[in-house]
Amino acid sequence: MNGIEKITQRIESDAQAEIDRILGEARDEAARITASYRAQADAEARDLEAKNERAAAEQEERLVSAAQMKARKVQLAAKQEMVEKAYIQALDKLCAMPQEQYVAVLANLLVEASSNGREEAVFSKEDREQVGKAAVEKANQISGKQLRLSEETQPISGGFILKDKNVEVNCTFETLVRLQKAETAGAVVKTLFA
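A brief structural summary. Here, residues in each chain are numbered from 1, in the same order as that chain's written sequence. The predicted nature of this model means local features are confined to residues of pLDDT at least 70 and side-chain atom pairs, given and counted, to a pLDDT of 80 or more, with totals for whole chains, interfaces and linings taken over all residues. In computing side-chain properties, one takes all heavy atoms of the structure into account and sets aside hydrogens as well as water.

Let's talk about the pairing of strand S4 (residues 167–172)
Basically, it comes down to this: What makes two strands pair is DSSP finding at least two bridges between them. Numbering of helices and strands starts at the N terminus; helices are DSSP runs of H or I of at least 4 residues and strands are runs of E of at least 2.
In this sheet, S4 lies alongside strand S3 (residues 159–164) in antiparallel orientation, the contact comprising six bridges. In the strand pairing of S4, Lys163 is matched with Glu168. If you look at the hairpin formed by S3 and S4, you'll find two residues sitting between the two strands, and Lys165 has a positive phi there, around 55°.

Observations regarding helix H4 (residues 173–192)
Threshold: How far a helix is expected to stretch is found by multiplying one less than its residue total by 1.5 Å. The angle separating two fitted axes, one through the seven residues that finish at a residue and one through the seven that start at it, defines the bend at that residue. For the exposure calls, accessible area comes from a 1.4 Å probe over protein chains only, and a residue counts as buried if that area is under 20% of its type's maximum, exposed if over 50%, partly exposed in between. Here, two residues are considered to be in contact whenever any of their heavy atoms come within 4.5 Å of each other.
With 20 residues, H4 extends just 22 Å between its outermost C-alpha atoms, more than 12% less than the 28 Å of an ideal straight helix rising 1.5 Å per residue. A bend of about 65° at Thr184 is the largest found in H4. Taken together, the buried positions of H4 are Phe173, Thr175, Val177 and Val188. Along its buried surface, H4 packs onto helix H1 (3–95), helix H2 (99–113), S3 and S4.

Topic: the side chain of Ser124
Cut-off, in case you're wondering: Polar contact criterion, stated in full: a pair of N or O atoms within 3.5 Å, where within protein one must be able to donate a hydrogen and the other to accept it, and residues adjacent in sequence count only if both atoms are side-chain atoms.
Within the secondary structure, Ser124 is located in the loop between strand S1 (120–123) and helix H3 (125–143). Within the local environment of Ser124, its side chain forms a polar contact with the backbone nitrogen of Asp127, the two atoms lying 3.1 Å apart. Beyond its immediate stretch of four places on either side in the chain, Ser124 contacts Thr153, Gln154 and Ile156.

Re the sheet that holds S4
Rules: In this analysis, axes come from line fits to C-alpha atoms, helices being fitted only over the stretch in contact, and the angle between any two N-to-C directions falls in the range 0 to 180 degrees.
An order of S2-S1-S3-S4 is seen for the four strands of this open sheet, with the pairing classed as mixed. Single-partner strands in this sheet number two, and they are strand S2 (148–153) and S4. Direction aside, neighbouring strands of the sheet carry axes that sit 30° apart on average. In the sheet, S1 pairs with S3 via three bridges, with the strands oriented antiparallel. Of the residues in S3, the one forming a bridge with Glu120 is Lys163. Across the sheet, H2 is in contact with S1, S3 and S4; its angle to S3 comes to roughly 30°. Against the sheet, H4 contacts S3 and S4, and its axis sits at roughly 75° relative to S4.

Things to note about the packing of aromatic side chains
Let me state the cut-off plainly: The criterion for an aromatic pair is that two Phe, Tyr or Trp rings (for Trp, the six-membered ring) have centres within 6.5 Å, with stacked assigned to planes under 30 degrees apart, edge-to-face to planes over 60 apart and tilted to the rest.
All told, the structure shown has two aromatic pairs when counted by the stated rule. On the numbers, 5.8 Å between centres and 75° between planes, the contact of Tyr102 with Phe173 is edge-to-face. With Tyr102 in helix H2 and Phe173 in helix H4, the pair connects residues that are 71 residues apart, well separated along the chain. Among the residues examined, Tyr102 registers a relative accessible area of 5% and is labelled buried. Consider the rings of Phe123 and Phe160, whose centres lie 5.9 Å apart with planes at 55°: the pair is tilted. Residue Phe123 is found in strand S1, and its partner Phe160 is found in strand S3; the two are separated by 37 residues along the sequence. Neither residue differs from the other here; Phe123 and Phe160 are each classed as buried.

Don't take any of this as a statement about function, it's just geometry.
Dropping the structure here:
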């Protein structure tokens, strides 16, 4: 081997060593960067998984809450329907009282509702014919008032309307039950759903 070949071989050997060193450093740097990015990707994946789990839990909580609210609304509607039925039954029972008891109730209501004792009692057509006269007479007997049975009738299910010129006092059972409902609904709910 001559001198030039030795020098060329040496240069090639040095160059190869430099290439191997640079490639080794590059591989090490690539491995370090890959590990760094892999760690970052793993951390982001864990964060994303945690966020997805929280979002899923929040969505589940919202759905459960909405279902509970809907169930409460359905339950409340059912309770309101039952309370309404209770008042309808009360009205039906008032209208279905035995005649003697019905006359006594009407007479007492007439006495309580009368302000000057000279009003006119307007009943339904049926009540006017069956109990109107007896209720007015009994009320006058109890109180010494001079209430009159009106010739006029109204389409009411029970009770009466007391008239004096332009003033009317509504003592229909529908109205009395509705007024009592406003005052007693809480107690009825407690009784029905204790």
